[in-house]
There are 2 protein chains.
Amino acid sequence: MVRHEVRLAGFGGQGIIMSGYILGKAAALYDGKDAVFSQSYGPEARGGACAAEVVIDGDQVDYPVLTRPDILVLMSQEAAQKYSADMADDAIVLIDEDLVTTGTGKTVRGAPTTRIAEDMGRRIVANIAMLGFLTGATSVVSRRAMEEAIKSTVPEKTIPLNLNAFNAGFEYGERSRP
Amino acid sequence: MVRHEVRLAGFGGQGIIMSGYILGKAAALYDGKDAVFSQSYGPEARGGACAAEVVIDGDQVDYPVLTRPDILVLMSQEAAQKYSADMADDAIVLIDEDLVTTGTGKTVRGAPTTRIAEDMGRRIVANIAMLGFLTGATSVVSRRAMEEAIKSTVPEKTIPLNLNAFNAGFEYGERSRP
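For the structure given in this document, a descriptive report is provided here. Sequence order sets the numbering: in each chain, residues are counted from 1 along the sequence as written. Key to labels: chains lettered from A, ligands numbered from 1, both in the order written. Residue-level local features of this predicted model are given only where pLDDT is at least 70; pairs of side-chain atoms are given and counted only at 80 or more, and the full residue set underlies all totals for whole chains, interfaces and linings.

1. Digging into the overall build of chain A
Quick reminder of the rule: Labels follow the DSSP assignment, with helices taken as runs of H or I lasting at least four residues and strands as runs of E lasting at least two, numbered in each case from the N terminus. Based on C-alpha atoms, the radius of gyration is set beside the globule rule, defined as 2.2 Å times the residue count to the power 0.38. Any residue whose C-beta has 12 or fewer other C-beta atoms within 10 Å is treated as exposed, any with 20 or more as buried, and any in between as partly exposed, C-beta atoms being built from the backbone.
Along chain A, the regular secondary structure elements total six helices and six strands. If you list the helices and strands of chain A from N to C, you get β-α-β-β-β-α-β-β-α-α-α-α. For 178 residues, the compact-globule formula gives about 16 Å, and the C-alpha radius of gyration of chain A, at 15 Å, lands near that figure. Referenced to the eigenvectors of the C-alpha coordinate spread, the extents of chain A come out at roughly 35 × 35 × 35 Å. Burial analysis of chain A (178 residues in total) assigns 56% to the buried set.

2. Digging into the relation of the copies chain B and chain A
What counts, and what does not: Least-squares superposition of the copies uses the C-alpha atoms of those residues scoring a pLDDT of at least 70 in each of them.
It takes a turn of 180° to lay chain B on chain A, together with a shift of 0.0 Å along the axis; the resulting RMSD is 0.0 Å. Taken together, the rotation angle and the small translation identify this as a two-fold axis. Closest approach to the rotation axis among the C-alpha atoms of chain B is made by Ser38(B), whose C-alpha sits 2.1 Å away.

3. Brief notes about the sheet that holds strand E4 (residues 71–74) of chain A
As a reminder of what qualifies: Only strands joined by at least two bridges in the DSSP assignment are considered to pair. Helix axes use the C-alpha atoms of the stretch in contact, all axes being lines fitted to C-alpha atoms, and the angles between their N-to-C directions lie in the range 0 to 180 degrees. The contact rule is simple: place each C-beta atom from the backbone, and if two of them lie within 7 Å, those residues are in contact.
Taken together, the twelve strands give an open sheet; going across it, the order is E6(A)-E5(A)-E4(A)-E1(A)-E3(A)-E2(A)-E2(B)-E3(B)-E1(B)-E4(B)-E5(B)-E6(B), and neighbouring strands pair in mixed fashion. If you trace the sheet from one side to the other, it starts and ends with strand E6 (107–111) of chain A together with strand E6 (107–111) of chain B, each paired once. Across this sheet, the average inter-strand angle for adjacent strands is 20°, counted without regard to direction. Where strand E1 (residues 3–11) of chain A lies against E4(A), four bridges are found, and the strand directions are parallel. In the sheet register, Ala9(A) faces E4(A), and the bridge partner there is Leu74(A). Sitting on the sheet, helix H1 (residues 16–30) of chain B touches strand E2 (34–39) of chain A together with strand E1 (3–11), strand E2 (34–39) and strand E3 (49–57) of chain B, and the angle it makes with E3(B) is about 5°.

4. Side note on the packing of helix H4 (residues 126–137) of chain B against helix H6 (residues 159–176) of chain B
Residues and elements named next belong to chain B. The condition that has to hold: What makes a crossing left-handed is the near helix being turned counterclockwise from the far one by less than a right angle; a clockwise turn instead makes it right-handed. In this classification, Asp, Glu, Lys and Arg are treated as charged, Ala, Val, Leu, Ile, Met, Phe, Trp, Tyr, Cys and Pro as nonpolar, and every other residue, Gly included, as polar.
It is at 6 Å that the axes of H4 and H6 come closest, and there the two elements cross at 35°. Judged by the sense of rotation from one axis to the other, the crossing of H4 with H6 is right-handed. Facing Ile128, Ala129, Met130, Leu131, Gly132, Phe133, Leu134, Thr135, Gly136 and Ala137 of H4, the residues of H6 in contact are Asn162, Ala165, Phe166, Asn167, Ala168, Gly169, Phe170, Glu171, Tyr172, Gly173, Glu174 and Ser176. Grouping the amino acids of the contact of H4 with H6 by side-chain chemistry returns twelve nonpolar, eight polar and two charged.

5. Details of the nonpolar core
The condition is simple: Core membership is restricted to buried Ala, Val, Leu, Ile, Met, Phe, Trp, Tyr and Cys residues, and these are joined into a nonpolar core through C-beta atoms within 7 Å.
By size, the foremost hydrophobic cluster in this structure holds 128 residues, and its most contacted members are Ala9(A), Ala129(A), Ala9(B) and Ala129(B). Excluding residues within four positions of it along the chain, Ala9(B) makes contact with Ile16(B), Ala49(B), Cys50(B), Ala51(B), Val73(B), Leu74(B), Met75(B), Ala79(B) and Tyr83(B).

6. Concerning the interface of chain B and chain A
Every contact between the two is made by 24 residues of chain B and, on the other side, 24 residues of chain A. Those elements that provide at least two residues to the side of chain B that touches chain A are H1 and E2 of chain B. No other element matches H1(B), which puts seven residues into the side of chain B that touches chain A. Partitioning the side of chain B that touches chain A into residue classes produces 14 nonpolar, eight polar and two charged. Of the pairings in the sheet, the one linking E2(A) to E2(B) comprises three bridges and is antiparallel in character. Pairing of Ser38(A) across the sheet is with Ser38(B), part of E2(B).

7. Thoughts on helix H4 (residues 126–137) of chain A
All names here are of chain A. Just so we agree on the cut-off: Here a helix's expected span is defined as the number of its residues, less one, multiplied by 1.5 Å.
For H4, with twelve residues, the first-to-last C-alpha span of 16 Å sits near the 16 Å given by 1.5 Å per residue. Where burial is concerned, most of H4 is hidden: twelve out of the twelve residues are buried. Buried within H4 we find Ala126, Asn127, Ile128, Ala129, Met130, Leu131, Gly132, Phe133, Leu134, Thr135, Gly136 and Ala137.

8. Quick word on the environment of Lys106(B)
All names here are of chain B. With respect to the secondary-structure elements, Lys106 resides in the loop between strand E5 (92–96) and E6. On the basis of neighbour count, Lys106 is assigned to the partly exposed category, with 14 C-beta atoms found within 10 Å. Contacts of Lys106, omitting those with residues within four sequence positions, involve Met87, Ala91 and Val93.

9. Some remarks on the packing of helix H5 (residues 143–151) of chain B against H6(B)
Angle between the axes and distance between the axes are the two parameters that describe a pair of packed helices. Residue and element names in this part refer to chain B. Using the following cut-off: For classification, angles of less than 35 degrees are called roughly parallel, those exceeding 145 degrees roughly antiparallel, those between 65 and 115 degrees roughly perpendicular, and all remaining angles oblique.
For the pair H5 and H6, interaxial distance at closest approach is 10 Å and the crossing angle is 150°. Put simply, H5 runs roughly antiparallel to H6. Judged by the twist between their axes, the crossing of H5 over H6 is right-handed. Mapping the contact onto sequence places Arg143, Met146, Glu147, Ile150 and Lys151 in H5 and Ile159, Asn162, Leu163, Phe166 and Phe170 in H6. Split by residue class, the contact of H5 with H6 holds six nonpolar, one polar and three charged.

This is the structure in structure tokens:
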């Protein structure tokens, strides 16, 4: 069983922390894996950038703290600069392509997640569009599990909006697969 | 140095996870303590309830996982039922007094945190009012550190609103001290 270390980073108000919570919940409650969502507060957390870290393992998570992320999700340029340093050599980097430009040689895939949300009239669901992109672009979590985790977390009246954002992001993710 | 284990629980959409993130950030970056924000996904996370867990220690946090919370923050009745089982004997329980009724014999203190936020026209800052209540009612984190953590986390244009909610909650907290 593969261990995945996922870091999601952006700026305050984008729902980064909530998206990490939902990802871990999907893996743990609905995919039957072990997941730990944790937060280390380094000096890079000063200022507008924030990050959430999720470790997912098919077996028990032995070491709950993220060491070198193999999946990095970047929702702002400041976050890209602060949180890209220690990623694994074969890391997959997923970016909001309108908000982030990266100069690294890693595998970078982009989707307009904030624009997807704005087109729906609710910028606040950009994080859920990004979770859709992540789900479509990688095999870290199943689509069904993510949908269940979203439905059991967001306020009930916003479930259709959130699932629409998730599905739109998912389509970008599927198309980005090699 | 005292180790504190704080659990914040409520329903999805109340900003519970974000409030845990801010509490840990205040302790780690602005009070100079060690803090770990983590999440375990037990079966109680199914449905509408969610919880965030923060361990704060003046020394290094040896064991990052919460064992028996000594501070329990409850923002919904469902969360109160799901997340109250394993608290410490001398735990302090802080509740939104309009949303939660508890039958336990623990030290319970209430504030109308959601009503405070609604009176400001933005129910979304109820979690920040609750952080104010927590800061005023306990010595787990300093007022200055919390204000800095809020200012560096929320979107810039919402800082005054959030600090107003924090201050209103703080006054309830101070008045609730024995």
